[in-house]
Amino acid sequence: MIELPIYQKHREISIPEDIKPLLYGDAKILIAFSGGKDSVALVLYMLELGIAKERIELHHHEVDGRGVDLFDWACTPSYCQAFADAFELPLIFSWRQGGILREMNRENEGLQDVYYEENGAMDIFNEQGNLVHLPSKKGSSTRKKFPAVAADLRTRWCSSIAKIDVLSRLVNNRFKSGNLLILTGERREESKVRSKYKSHEKYRSWTKKRNAWQWRAVIDFTEKQVWELYEKYKVQPHPCYELGWSRCSCQTCIFSSPNTWASIHELSPEKIEMIAKEEKKIDHTLYHKITIWDKVGKGTSFIKSANLKRWKSEALGRFVSPIFVDKWVMPDGGFSPEASGSV
Ligand code: SF4
């Protein structure tokens, strides 16, 4: 009998019957680790359940594909690395060359190739690890569009091109057979779309040999339960939460509210200028009939000056603070109603 984790005082969290043999068997556990609160909760939940660290590996997708720094928070890879080091877990970075921006500008060519660094726990700031290159099919189509601000992943292509497909190609290449559990951190509470997600399903590249399942292990967690885990383990949240962001995804997520765009402008005006230039270059605006400047103008920055002073350089550079804090304090973005992440 597993000891009930702390969230069960609020709501019964059950482990699906299909998942139990994998979870309590020998399956390798891959955690899609964005560095955001739900991916941190996935890790802490596994530890709460007593899963051996040797079975877990973290996977982080770099959405800018090691190209121009536009979508991602600059500190995210270093935050993920610091977290992995603190919990002594392997971390594998993966990316599609040039990321979202490169795909947005695609003209008469195929998708860019995918890369990942094998063996994990390599410091991307110091050395490239064992780099694996997965070429994409040659093609000659044209994108020249921002991702659509829509739930449908076929038009909101940023998630699939920069994250979902990248992980799937890595899985296909690294795990030809065996039992795999792939954990992703969607929660029903986040949006109407997510409220309808299945808690688990066969992974998209399931085969008889590769028994891979996707498990949205924190799908029924509330935000309160997520922060309780942070507090229990005294984990420093990603700097974006300290600055007031409610969700930690891309810094310039297409689902950002006007107040979030105004906050991005206060923090990284060059990113707004870059998006405005892209709108002109590809003759397509991110939002229907309004420019990014209009969107920024409709909002007000929510960043408090003390937080700006404390966290700006770390958020826009390298994360250097300790992962474990002595006294845990709810960050400013905890329970914020501002939209700053995908639906
Ligand atoms: S966080 Fe936003 S911009 Fe980034 S991939 Fe997801 S939907 Fe696209």
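About the cut-offs
- Residues numbered from 1 in each chain as written.
- Predicted model: local features only at pLDDT ≥ 70, side-chain atom pairs only at ≥ 80, totals over all residues.
- Heavy atoms only, no water.
- Helix = DSSP H or I, 4+ residues; strand = E, 2+ residues; numbered from the N terminus.
- Rg over C-alpha atoms; globule rule 2.2 N^0.38 Å.
- Buried < 20%, exposed > 50% of the residue type's maximum accessible area, 1.4 Å probe, protein only.
- Contact = heavy atoms within 4.5 Å.
- Areas by Shrake-Rupley, 256 points an atom, 1.4 Å probe, with all protein chains shown as cover.
- Lys, Arg positive; Asp, Glu negative; His and termini not counted.
- Charge placed at Lys NZ, Arg CZ, Asp CG, Glu CD.
- Pairing = 2+ DSSP bridges.
- Axes fitted to C-alpha atoms, helices over the stretch in contact; angles between N-to-C directions.
- Right-handed = clockwise from strand over helix to strand, strands pointing away.
- Parallel < 35°, antiparallel > 145°, perpendicular 65-115°, else oblique.
- Salt bridge = Lys/Arg side-chain N within 4 Å of Asp/Glu carboxyl O.
- Domains from an automatic or database assignment.
- Buried area = accessible area lost by both parts, 1.4 Å probe.
- Polar contact = N/O pair within 3.5 Å; in protein donor to acceptor, adjacent residues only side chain to side chain.
- Nonpolar A, V, L, I, M, F, W, Y, C, P; charged D, E, K, R; others polar.

S.K.: Explanation requested: the overall build of the protein in the structure shown.
M.R.: A tally of helices and strands in the protein yields twelve helices and eight strands. At 20 Å, the protein has a C-alpha radius of gyration in line with the 20 Å of a compact globule built from 343 residues. Each principal axis of the C-alpha atoms in the protein carries an extent, and together these give about 60 × 50 × 40 Å. By residue count, 56% of the 343 residues in the protein fall in the buried class. Within the protein, counting contacts between residues at least 6 apart in sequence, those at least 24 apart form 75% of the total. Summed over its atoms, the accessible surface of the protein is roughly 15300 Å², and 51% of this surface lies on carbon and sulfur atoms. Of the charged side chains in the protein, 51 are positive and 45 negative; the average position of the first set lies 5 Å away from that of the second.

S.K.: When you look at the sheet that holds strand E8 (residues 210-215) in this model, what are you seeing that I'm missing?
M.R.: Two orientations exist for strands paired in a sheet by backbone hydrogen bonds: parallel and antiparallel. One open sheet holds the eight strands; their spatial order is E5-E4-E3-E2-E1-E6-E8-E7, and the pairing between them is mixed. Taken across any chain shown, the strands that pair with only one partner, and hence form the sheet edges, are strand E5 (130-134) and strand E7 (200-202). Taken over all neighbouring pairs, the strand axes of this sheet differ in orientation by 25° on average, direction set aside. Helix H2 (residues 37-48) contacts strand E1 (28-32), strand E2 (56-61), strand E6 (178-183) and E8 of the sheet and is inclined by roughly 155° relative to E1. Taken strand by strand, helix H3 (residues 76-86) contacts E2 and strand E3 (91-96), and its axis lies near 160° from that of E3.

S.K.: Quick question: what am I supposed to make of unusual backbone geometry here?
M.R.: Most of the time, phi is negative for any residue but glycine, and the peptide bond is trans. If you check the backbone angles, Asn108 has positive phi at about 50° while not being a glycine. One non-glycine residue, Lys289, lies in the positive phi region at around 60°. Overall, the relative accessible area of 74% leaves Lys289 in the exposed class.

S.K.: Sorry if this is basic, but what is going on with the pairing of E3 here?
M.R.: Every regular strand shows the same layout, with side chains that alternate between the two sheet faces. With six of six residues buried, E3 lies mostly within the body of the structure. Residue alternation in E3 divides its side chains into two sets, Leu91, Phe93 and Trp95 and Ile92, Ser94 and Arg96, and both sets are buried. Pairing of E2 with E3 involves four bridges; the strand directions are parallel. Looking at the pairing, His60 lines up with Phe93 of E3. Tracing the backbone out of E2, into H3 and back to the parallel element E3 gives a crossover that is right-handed. Looking at chain direction, E3 and strand E4 (residues 114-118) are connected through three bridges and run antiparallel. In the strand pairing of E4, Trp95 is matched with Tyr115.

S.K.: What's the story with the packing of helix H9 (residues 258-267) against helix H10 (residues 269-281) in this structure? I'm lost.
M.R.: Each packed pair of helices is defined by two parameters, the angle between the axes and the distance between the axes. With their axes 5 Å apart at the nearest point, H9 and H10 run at an angle of 115° to one another. Between H9 and H10, the crossing angle belongs to the class labelled roughly perpendicular. On the side of H9, the interface is formed by Trp261, Ile264, His265, Glu266 and Leu267, while H10 contributes Pro269, Ile272 and Ile275.

S.K.: Would you mind showing me how to read the pairing of E2 here?
M.R.: Counting buried residues along E2, six of its six residues qualify, which places the element largely inside the surrounding structure. Pairing between E1 and E2: four bridges, direction parallel. Among the inter-strand pairings, Ala32 is bridged to a residue of E2, identified as His59.

S.K.: What should I look at first to understand the side chain of Arg156 in this one?
M.R.: Along the chain, Arg156 falls in the loop between E5 and helix H5 (157-174). No salt bridge is formed by the buried Arg156, whose closest oppositely charged neighbour, Asp152, lies at an N-O distance of 8.0 Å.

S.K.: Explain the domain arrangement of the protein to me, please; I cannot follow it from the model alone.
M.R.: A common measure of how large an interface is: the accessible area buried when the components associate. Assigned domains of the protein: these are domain 1 (17-224) and domain 2 (238-315). One C-alpha centre belongs to domain 1, the other to domain 2; they are set 24 Å apart. Buried area between domain 1 and domain 2, summed over both chains or domains, comes out near 2500 Å², and the portion from carbon and sulfur atoms is 67%. In terms of surface lost to domain 2, no three residues of domain 1 exceed Leu70, Trp73 and Phe146, which account for 34% of the buried area on that side. Taken together, the connections running from domain 1 to domain 2 amount to two salt bridges. Salt-bridge contacts for Asp69 lead to Lys271; the nearest nitrogen and oxygen are separated by 3.4 Å. Across the contact surface, domain 1 and domain 2 share 14 residue pairs in polar contact (both at pLDDT 80 or more). Elements with a contribution of two residues or more to the side of domain 1 that touches domain 2: H3 and helix H4 (99-104). A per-element tally of the side of domain 1 that touches domain 2 places H4 first, with three residues. Residue classes in the side of domain 1 that touches domain 2 are distributed as 17 nonpolar, five polar and eight charged.

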